[in-house]
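Each chain is listed here by its residues.
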Amino acid sequence: MDELSRGPRQAVSHAATKAWERIGAAVYDPVVATAERRGMAECRRRLLASAKGAVVEIGAGTGLNVPYYPREITSLVLTEPTAAMAAHLRRRVRTARPDTKVIETPGDRLPAESGSVDTVVSTLVLCTVPDPEAVLAEIVRVLRPNGQFLFCEHVRSDVPASARWQDRLAGPWSVFAQGCRCNRRTLATIEETFGGVEVDRGVWQGMPAIVRPLVIGRAVPGSESGGVEGSTGGYEVRPRAVESGGEK
C-alpha cells in the first residue's frame, strides 16, 4: 500500500511546493519593501557600483538588484532556479534592462565557461541554497583569475543570545521562508573558499531579528588571507556597533 500511495503523495507534495513558490514570488517585493527603504536599496547600490565586465548574478529572485548595475558592464546574466521568481524577473528586466539574459538554473550550475566571468553577485542567496560550498566552488570556477565575488548575505549573529534564537527558530523559519537558514555561518564558508575577503557588517533593518545580521563585501579567488586589494567602499547598512549591541 505504501508503494501504491507514494506516487500520489509525492504529486501532492510537489504541487504544494510549487504553489508556495508562486505565493513567495508574488509577495516577496511587498514583504521586503520596508527593508529596502530603510537601507537595503542603498546597500545594493553601493555594492553593485563595483560590478564590472561580464557579470553573473546567482539567485536573482525578482530582480531587485537590476536597477543598480552600472551601464558600463559588458554583459549581465541573471540566474534563478525557481520558475515563479524567474517569471517576475523577466518582467522586470524587459523594461529596466532588456539586454539582460535570464536563465533558470541553480547556483551550482552556472551558464558560463571556466574563467570567463569578471564579477559574480550574490545578495541574500547563500542562506537558501542546499549546498553553499558547491555554489561557491562553482563561482570560483567561472571567475577569471582577477575576477571578483560581490556579496551581501544575512548570517549567524556574533551575539550569543541572538545566535541561540536563530538556532531555535531555524527549522520553522526554513519552512516559512522556503529553505532559508537563518543561522548559517556563511562568512566563514566564503573565507574558506576564497582566502582573502574584504567585509563590512550591517543590519538588515525592517526584517525579523533572526535575519538582521549582514555581511557585505568582496572576495577574489586565491587571495592571501587577511584581505584583498581595493576597498569595499562602506557597504554597511548600519554600523557594526549596532549589531554588536544585539538586535531588537
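Description of the structure in this document.

Parameters at a glance
- Each chain has its residues counted from 1, following the order in which its sequence is written.
- A pLDDT threshold of at least 70 governs which residues receive local features in this predicted model, and a stricter bar of 80 or more applies before side-chain atom pairs are shown or counted, although totals over entire chains, interfaces and linings include all residues.
- Excluded from the side-chain calculation are hydrogens and water; included are all heavy atoms of the structure.
- Under this scheme, a helix contributes an axis fitted over its contacting stretch, all axes are lines through C-alpha atoms, and angles between N-to-C directions fall in the 0 to 180 degree range.
- Starting at the N terminus, helices and strands are each numbered in turn, a helix being any DSSP run of H or I of at least four residues and a strand any DSSP run of E of at least two.
- Small angles under 35 degrees read as roughly parallel and large ones over 145 as roughly antiparallel, with 65 to 115 read as roughly perpendicular and the rest as oblique.
- Handedness of a crossing is defined here by the sense of rotation of the near helix relative to the far one, left-handed for an anticlockwise turn of less than a right angle and right-handed for a clockwise turn.
- Only heavy atoms enter the contact rule, under which two residues are in contact if any of them lie within 4.5 Å.
- Polar here means any residue outside two lists: the nonpolar Ala, Val, Leu, Ile, Met, Phe, Trp, Tyr, Cys and Pro, and the charged Asp, Glu, Lys and Arg; Gly therefore counts as polar.
- Think of it in three bands: with a 1.4 Å probe and only protein chains considered, a residue is buried below 20% of the maximum accessible area for its type, exposed above 50%, and partly exposed in between.
- At least two bridges found by DSSP between two strands is the condition for calling them paired.
- Neither His nor the chain ends is counted toward charge; the positive residues are Lys and Arg and the negative residues Asp and Glu.
- When a carboxyl oxygen of Asp or Glu lies within 4 Å of a side-chain nitrogen of Lys or Arg, that pair is called a salt bridge.
- Within 3.5 Å is the distance limit for a polar contact, defined as a pair of N or O atoms, with the added protein rule that one can donate a hydrogen and the other accept it, and that residues adjacent in sequence qualify only through two side-chain atoms.
- What makes a nonpolar core is a set of buried Ala, Val, Leu, Ile, Met, Phe, Trp, Tyr and Cys residues whose side-chain atoms join them at distances within 4.5 Å.

### What about the packing of helix H3 (residues 132–142) against helix H5 (residues 186–194)?
Then step 1. Here H3 crosses H5 at 40°, and the two axes come no closer than 10 Å. Classified by the interaxial angle, the pair formed by H3 and H5 is oblique. Like other packed secondary-structure pairs, H3 and H5 cross with a definite hand, here right-handed. Across the interface between the two elements, Glu-133, Leu-136, Ile-139 and Val-140 from H3 touch Thr-189, Ile-190, Thr-193 and Phe-194 from H5.
Then step 2. Looking at the contact of H3 with H5, its residues break down into five nonpolar, two polar and one charged.

### What about the pairing of strand S6 (residues 197–203)?
Then step 1. With respect to burial, S6 is a largely interior element, six of its seven residues being buried.
Then step 2. As judged from the seven bridges shared by S6 and strand S7 (residues 213–219), these two strands associate in the antiparallel manner. The partner of Glu-198 across the bridge, within S7, is Arg-218.

### Describing the side chain of Arg-184
Then step 1. By the secondary structure assignment, Arg-184 is in the loop between helix H4 (160–176) and H5.
Then step 2. No salt bridge forms around the buried Arg-184; measuring N to O, its nearest opposite-charge neighbour Glu-133 is 7.1 Å away.
Then step 3. A distance of 2.7 Å separates a polar atom in the side chain of Arg-184 from the backbone oxygen of Leu-126.
Then step 4. At 3.3 Å, the side chain of Arg-184 and the backbone oxygen of Cys-127 are in polar contact.
Then step 5. If near-sequence neighbours (up to four positions away) are discounted, Arg-184 is found in contact with Leu-126, Cys-127, Thr-128, Val-129, Pro-130, Pro-132, Val-155 and Arg-156.

### Overview of the nonpolar core
Then step 1. The biggest cluster of nonpolar side chains holds 33 residues, and the ones touching the most others in it are Tyr-69, Leu-78 and Trp-204.
Then step 2. Elements with a contribution of two residues or more to this core: helix H1 (2–48), strand S2 (75–79), helix H2 (83–96), strand S5 (143–154), H4 and S7.
Then step 3. When residues of this core are assigned to their parent elements, the largest contribution, six residues, is made by H1.
Then step 4. Of all hydrophobic cores here, the second largest spans 24 residues; its members include Ile-58, Val-135, Leu-136 and Ile-139.

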